[in-house]
Protein chains: 2
Amino acid sequence: MEGCKSRLVSSSDLKKKSLATLHTAEPSIDDADRLASLIDTALERYSRFDDGCPSELGEAIRYVLLAPGKRLRPRLVLLASQACGGMMADALSAACAVEMVHTYSLVHDDLPAMDDDDLRRGRPTCHKVFGEAVAILVGDALLARAFEIVATDIKPANYATRCCAVLGQAAGATALVGGQASDLAGGVTSDDLPALESIHRRKTGALISASLELGGIVAGATAKQLDALKAYGQHLGLAFQITDDLLDVSGSQATVGKRLAKDASCGKATYPQLLGIEPSRRRATELVELACSELVIFGAAAKPLANLATFVRDRTR
Amino acid sequence: MEGCKSRLVSSSDLKKKSLATLHTAEPSIDDADRLASLIDTALERYSRFDDGCPSELGEAIRYVLLAPGKRLRPRLVLLASQACGGMMADALSAACAVEMVHTYSLVHDDLPAMDDDDLRRGRPTCHKVFGEAVAILVGDALLARAFEIVATDIKPANYATRCCAVLGQAAGATALVGGQASDLAGGVTSDDLPALESIHRRKTGALISASLELGGIVAGATAKQLDALKAYGQHLGLAFQITDDLLDVSGSQATVGKRLAKDASCGKATYPQLLGIEPSRRRATELVELACSELVIFGAAAKPLANLATFVRDRTR
C-alpha cells in the first residue's frame, strides 16, 4: 500500500513538473503544440469505454473526437485556469468536457437534416462514414460523457456543480442549441446585424465564453476574474465567428478542412455580406483588442490568452 | 424585505404541508395522480426558457415533455426518496431531470434514421410535427437541461455531483445510448436471451435503476439502501421491458399510444418470441417479486414502490 502511494505521488509530481514550464515561459509554437498534445492524450483516455459500449459506437466516437482539430475551446479552458494561477492538470477534465460538447454539436449540425455537410476537420463527416443513426448516437453519447466527466473528476464538488451548470446552460436551448435553431430557421435580412450577432453569440460565443468560465472556476477565480474572462470570451467569440465567415469566402477548403462558400450558397447572412470584407477584418481586429483589454488584471499570466486571441484573428483554418 | 421573506417561508411551509400526506397514507390511485400532478407542474416550470430560446424550439420541447406520459421514472425518483425518509420536494428536480433524459431518448429514437416512428404518447412524434432538425435539437436541449437542473437545484453540491455522474453514466455510451446502438445493429438470434437482456439492461434498465439511485442520493441514503434500490431497479427494468414486449404483441395501439407489432415486423427479437407469451408473463411476475424482495429493509415506507412494481407488471400502456 505504501509503495502504491509512493508511485501515485511520484506520478503526480512528474505531471506537475512537466506542466510547470507552461506557467513561466512566454508562449510559443512549442507551447501550443504541448497544450494540444496534453489535451489529445486526455481525450484519448476519456473516449475509452467499457464493455457496454458497442465497438462501432466507440470507434465512431473516437473518429470524431480524436480528429485533428484546433482544440481552441479546451486550450481556452487551460489558459484561463493558468491566468488565474491554477494548475493545468486540474483543468484538463473541464477542457475535455468542453471539447466533447463542441464535437457533439459539430456531429449533429453536419447531419443531412441540419447543415448536411460531408467534410469536417479534413475528413468525411461522421454520418458519411457510420450512417445517420450512429452519428446521432455519437453526439448524444458525447454530450452525456461531458457532464459525467465534469461531475466525476472536478474537485471540490461545488466547483464541479458550477461547471456542470455553466456547461448545461451554454449547451442548451437558450445558447448553443437555440443559436443553431435560429440559424436553421434563417430569415436574417442583409441589414440585420443585431440578429446575426444574436445567433453567433448563442451558437459559437456561449461555449467559448463558458470555456473561459470553466477554466476560471476550476482555478478558484474571484468574481472579478470570472467577469473579465467571460467578457474576453464574448469578444473573442464574435471575432472567431467573423474570421469563420471570412474563411468561408476566401479560405482554402484543403486548409480549413470543411466545405466552404456554403453560407452564401444557402442564403445565410454573413459578416462580409453585411459589412463588406475589409470592414469585417477591421471589426475582428477591434474585437480582439477589446478582448485583450479585459486581460489586464491578470498581468503576464494571461499573455498566452492574448496570443490566442491574435491567433484567432489571423487563423487560416 | 421582511415581508418578502415571510412570503417565501409561508410558500415553503405550504409545499411541505401538501407533501406531508404522501409520507403517511397507504398508496392509492389518488396518490399516483397527485404524484403525476406534482411532476407535471415541475416539468412545466423547468421547460420555460428565456429569450435566447426560439419560440418554435420552446414549443417543441414542451410538446414532447408535457405530453401525457406514465411518468414512471420520475415517480420512481420520488418514491425512492420517500422510502429513504427524504422529502419529495427535495427530489423533484432529480425527478424532472430523469424524465427529460427519458423524453430526449424517445424523441431521438423515433427519428426516421433510427426507429422511424410516427406515434408517441398518443400524439404524432416530434419530427412529424416540427421536422427532423428541430426534433434532433429538442433532444439535445433536453439532455443539456437535465444536467443543468441537477447541478443547479440539488443541494448539497456533493449530492448534485453524484446525481450528475449517475445520470451521465446511465445516459451514455455504455448504457442508454449503447443499448440503442446495439438494438439498431440487430443480430440477436431467436435463442440468445443473454444478448436480448444485455440490450434491455442498457437501453431501459439503466435509466430506471438510475432513477432509484438518484432518489436515494437526494434523500441521503446509506450504501446499503442504495444497493437495495439499484437491485430493485434492475429487476423492475427487465420486468418493464417484458411487459413492453407483451404489449407490443397483445396491447391496444389506442391505449398504449405508440405503434405496436413493430418489433416483430422489423425482425427484432422480443421476450414473447424467445420465451413464449405465458412464460414471458411468468418471468415478469418473478422479476416483480424479486424487485419487491429488495424493499424489505425499508419497511412500510417502500409500500408505494412495491405497488408501482405491480403496476408495471399489470399495465396496459
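For clarity, every value in this text was computed on a predicted model and none was experimentally measured.

A few words now on the nonpolar core. In terms of nonpolar packing, the biggest core is built from 204 residues, with Val138, Leu167 and Tyr232 of chain A together with Val138, Leu167 and Tyr232 of chain B touching the most fellow members. The contacts of Val138 of chain B, once residues within four sequence positions are left out, are Leu57, Ala60, Ile61, Val64, Val107 and Cys126 of chain B.

The geometry of two aromatic rings is summed up by the distance between their centres and the angle between their planes. Enumeration according to the criterion identifies 3 aromatic pairs over all chains in this entry. Between Tyr63 of chain A and Phe130 of chain A the ring centres are 5.5 Å apart and the planes differ by 70°, which places this aromatic pair in the edge-to-face class. A residue pair is termed long-range when its members are at least 10 positions apart, and Tyr63 of chain A in helix α3 (residues 55–65) and Phe130 of chain A in helix α6 (residues 126–130) qualify at 67 residues. Each of the two residues, Tyr63 of chain A as well as Phe130 of chain A, counts as buried. With centroids separated by 4.4 Å and ring planes inclined at 0°, the aromatic side chains of Phe147 of chain A and Phe147 of chain B adopt a geometry described as stacked. Note that Phe147 of chain A is positioned in helix α7 (residues 132–153) and Phe147 of chain B in helix α7 (residues 132–153), a pairing that runs across two chains. The exposure class of Phe147 of chain A is buried, given its relative accessible area of 0%.

The next thing to look at is the relation of the copies chain A and chain B. When chain A is fitted to chain B, the residual RMSD is 0.0 Å, and the transformation amounts to a turn of 180° plus an axial shift of 0.0 Å. As the rotation angle and translation indicate, the two copies are arranged about a two-fold axis. Taken together, the interface assignments show that 100% of the residues at the interface of chain A recur at the interface of chain B, consistent with an identical surface on both copies.

What follows covers the side chain of Ser280 of chain A. Residue and element names in this part refer to chain A. As for its position among the elements, Ser280 is in helix α15 (residues 277–293). Judged by its relative accessible area of 0%, Ser280 is buried. Leaving out residues up to four positions away in the same chain, Ser280 has contacts with Ile242, Leu246, Tyr271, Pro272 and Leu275.

Our focus in this paragraph is helix α15 (residues 277–293) of chain B. Residues and elements named next belong to chain B. Between its first and last C-alpha atoms α15 spans 25 Å; for 17 residues at 1.5 Å apiece the expected length is 24 Å, and the two agree. Of the positions making up α15, those classed as buried are Ser280, Ala284, Leu287, Val288 and Ala291. The arc that holds the buried residues of α15, viewed along the axis, is 100°, so those residues lie on one side. When the buried face of α15 is taken as reference, the exposed residues oriented beyond 90 degrees from it are Arg282 and Glu289.

About the criteria used
- Residues numbered from 1 in each chain as written.
- Chains lettered and ligands numbered in written order.
- Predicted model: local features only at pLDDT ≥ 70, side-chain atom pairs only at ≥ 80, totals over all residues.
- Heavy atoms only, no water.
- Core = buried A, V, L, I, M, F, W, Y, C linked by side-chain atoms within 4.5 Å.
- Buried < 20%, exposed > 50% of the residue type's maximum accessible area, 1.4 Å probe, protein only.
- Contact = heavy atoms within 4.5 Å.
- Phe/Tyr/Trp six-rings, centres within 6.5 Å; stacked < 30°, edge-to-face > 60°.
- Helix = DSSP H or I, 4+ residues; strand = E, 2+ residues; numbered from the N terminus.
- Least-squares fit on C-alpha atoms with pLDDT ≥ 70 in both.
- Expected span 1.5 Å × (residues − 1).
- Arc of directions from axis to C-beta.

Scope: geometric values only; no functional claims are made or implied.
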